[in-house]
Amino acid sequence: MPEELPPRYHRLLRNEVTPSAYVILGAFTIFAGWIFTSLVILSVQQVIRKDPEGTVSWFGLLATNLSLIVLIPLSMLVAQKLNRQAPGLLSSVTGTLRWRWLGWFALAAVLLELLMLGVIKVGGVELLGDGTGGIAPDAAAVIAVTLLTSTFQAAGEEYFFRGYLLQAVGALVRSSVVAVLVTTVLFTMAHGIWPWESPALFLDRFAFGLIAGFLVVRTGGLEAAIAIHAANNVVTFVYAALTDSVGDSLGAADAPWSLVAVDVAKFAAFGLVVLWLARRAKLTTVCSLPLTAAPLPGKKLV
């Protein structure tokens, strides 16, 4: 079966300049770099200020977010230096983050988050934590950290899981379905959630990863995935600051089924809105750019 040309998003790390197996090396390189930098950041945080067990202060949230933000430069650096990918192709098939569409998707995501909060309040849906602690003593600082860094933290996870890893699997297998499923499983495992420990929370994380990966392929970029991930995290932690449940939200090991049902419905609704917007705008999902910054003379990129 001939190679699909022009390539879709999940095939953008496959080229004739570097061996396909290099994507495996690249994934482990990013992971090792993330582990190292995370240990440094979190160790410094522990030395300066150690949070009591079961709680997370604004400083702990900041350290956690910074440890995930590093995935953005790590993923880009490995893609460009090891895999020789042209700059920008981790962001979208157009070689850049499409800011206009990121804005539209973010607006839709925030509106759905607010609608979900309304449904939760009216429907009496159980939340993480008992919600009786009042406002967190450092609520203003938690909200400031959330507004300033949580969007980048969400983008860090997306650039690695729906960016590099999705393209890495796509460099080895042609099927976008397989690429999305594999990265969804890895994303869920990375959150330390297993179906035999918490079926509800596992379903929540898995459903998000599945829908986000599907949207990346169907829109040709990370914009929709970043938007819904960032909106989810920002609203979650602002609300957690106002109910003194930041530790419960960040270290959740289980979730009520009613909350998961609302959450999954929100993700699905966002997916439908994004597909509608992308279809109306005829958003490009294939790449017509060179896949490498310096193609080999006489070589046709695939």
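See the structure printed just above.
Predicted model only: the values in this text are computed from it and were never measured. (Residues numbered from 1 in each chain as written. Predicted model: local features only at pLDDT ≥ 70, side-chain atom pairs only at ≥ 80, totals over all residues. Heavy atoms only, no water.)

Peer 1: Would you mind showing me how to read the nonpolar core here?
Peer 2: Side chains of a nonpolar character, in soluble globular proteins, are inclined to be buried together. Formed by 58 residues in total, the largest nonpolar core has its most connected members in Phe105, Tyr159, Tyr164 and Phe270. At the level of secondary structure, the elements contributing two or more residues to this core comprise helix 1 (22-48), helix 3 (71-81), helix 4 (99-123), helix 5 (139-172), helix 6 (176-190), helix 7 (199-219), helix 8 (223-242) and helix 10 (257-281). Once residues within four sequence positions are removed from consideration, Phe105 is found in contact with Glu223, Ala224, Ala227, Phe270, Val274, Leu277 and Leu283. Among the nonpolar cores identified, the runner-up in size contains 10 residues, and Val56, Ala139, Val145 and Ala240 belong to it. (Core = buried A, V, L, I, M, F, W, Y, C linked by side-chain atoms within 4.5 Å. Buried < 20%, exposed > 50% of the residue type's maximum accessible area, 1.4 Å probe, protein only. Helix = DSSP H or I, 4+ residues; strand = E, 2+ residues; numbered from the N terminus. Contact = heavy atoms within 4.5 Å.)

Peer 1: Could you clarify how one ought to interpret the packing of aromatic side chains in this entry?
Peer 2: Geometry of an aromatic ring pair is reported as the spacing of the ring centres plus the angle between the planes. Overall, the coordinates contain nine aromatic pairs when judged by the stated rule. Relative to Phe105, the ring of Trp101 lies with its centre 5.7 Å away and its plane at 35 degrees, an arrangement referred to as tilted. Taken as a pair, Trp101 and Phe105 lie in helix 4 at a separation of four residues, close to a single helical turn. We note that Trp101, like Phe105, is buried. Considering the side-chain rings of Phe208 and Phe267, the 5.2 Å spacing of their centres and the 65 degrees angle between planes classify their relative orientation as edge-to-face. Residue Phe208 is found in helix 7, and its partner Phe267 is found in helix 10; the two are separated by 59 residues along the sequence. Assessed through its relative accessible area of 3%, Phe267 is described here as buried. By way of ring pairs, the aromatic residues Phe160, Phe161, Phe187, Phe208 and Phe267 are connected into one cluster. (Phe/Tyr/Trp six-rings, centres within 6.5 Å; stacked < 30°, edge-to-face > 60°.)

Peer 1: Explain the packing of helix 3 against helix 5 to me, please; I cannot follow it from the model alone.
Peer 2: Packed helix pairs are characterised by how far apart their axes lie and by the angle those axes make with each other. In contact at an axis separation of 8 Å, helix 3 and helix 5 are set at 30 degrees when each is read in the N-to-C sense. Classed by the angle they form, the pair helix 3 and helix 5 counts as roughly parallel. Of helix 5, the residues touching helix 3 (which contributes Leu71, Ile72, Ser75, Met76, Val78 and Ala79) are Phe152, Ala155, Gly156, Glu157, Tyr159, Phe160 and Tyr164. (Axes fitted to C-alpha atoms, helices over the stretch in contact; angles between N-to-C directions. Parallel < 35°, antiparallel > 145°, perpendicular 65-115°, else oblique.)

Peer 1: Where do I start with unusual backbone geometry in this structure?
Peer 2: With the exception of glycine, most residues fall at negative phi, and the peptide bonds are largely trans. A positive phi angle, near 55 degrees, is found at Asp244, a position not held by glycine. Assignment of secondary structure puts Asp244 in the loop between helix 8 and helix 9 (246-250). Taking relative accessible area as the criterion, Asp244 reaches 38% and is therefore assigned partly exposed. In this structure, Lys282 is a non-glycine residue whose phi angle is positive, near 50 degrees. For Lys282, the position within the fold is in the segment after helix 10. Given the relative accessible area of 74%, Lys282 is considered exposed.

Peer 1: Please explain the environment of Val234 as it appears in this structure.
Peer 2: With respect to the element layout, Val234 can be found in helix 8. Taking relative accessible area as the criterion, Val234 reaches 18% and is therefore assigned buried. The sequence separation of Val234 and Val169 amounts to 65 residues, and the corresponding C-alpha distance is 30 Å. Excluding its chain neighbours within four sequence positions, the residues that come into contact with Val234 are Thr146, Leu147, Ser150 and Thr151.

Peer 1: Teacher, can you tell me more about the side chain of Asp51 here?
Peer 2: Among the structural elements, Asp51 can be located in the loop between helix 1 and helix 2 (58-69). Excluding residues that lie within four positions of it along the chain, Asp51 makes contacts with Gln45, Val56, Ser57 and Gly60.

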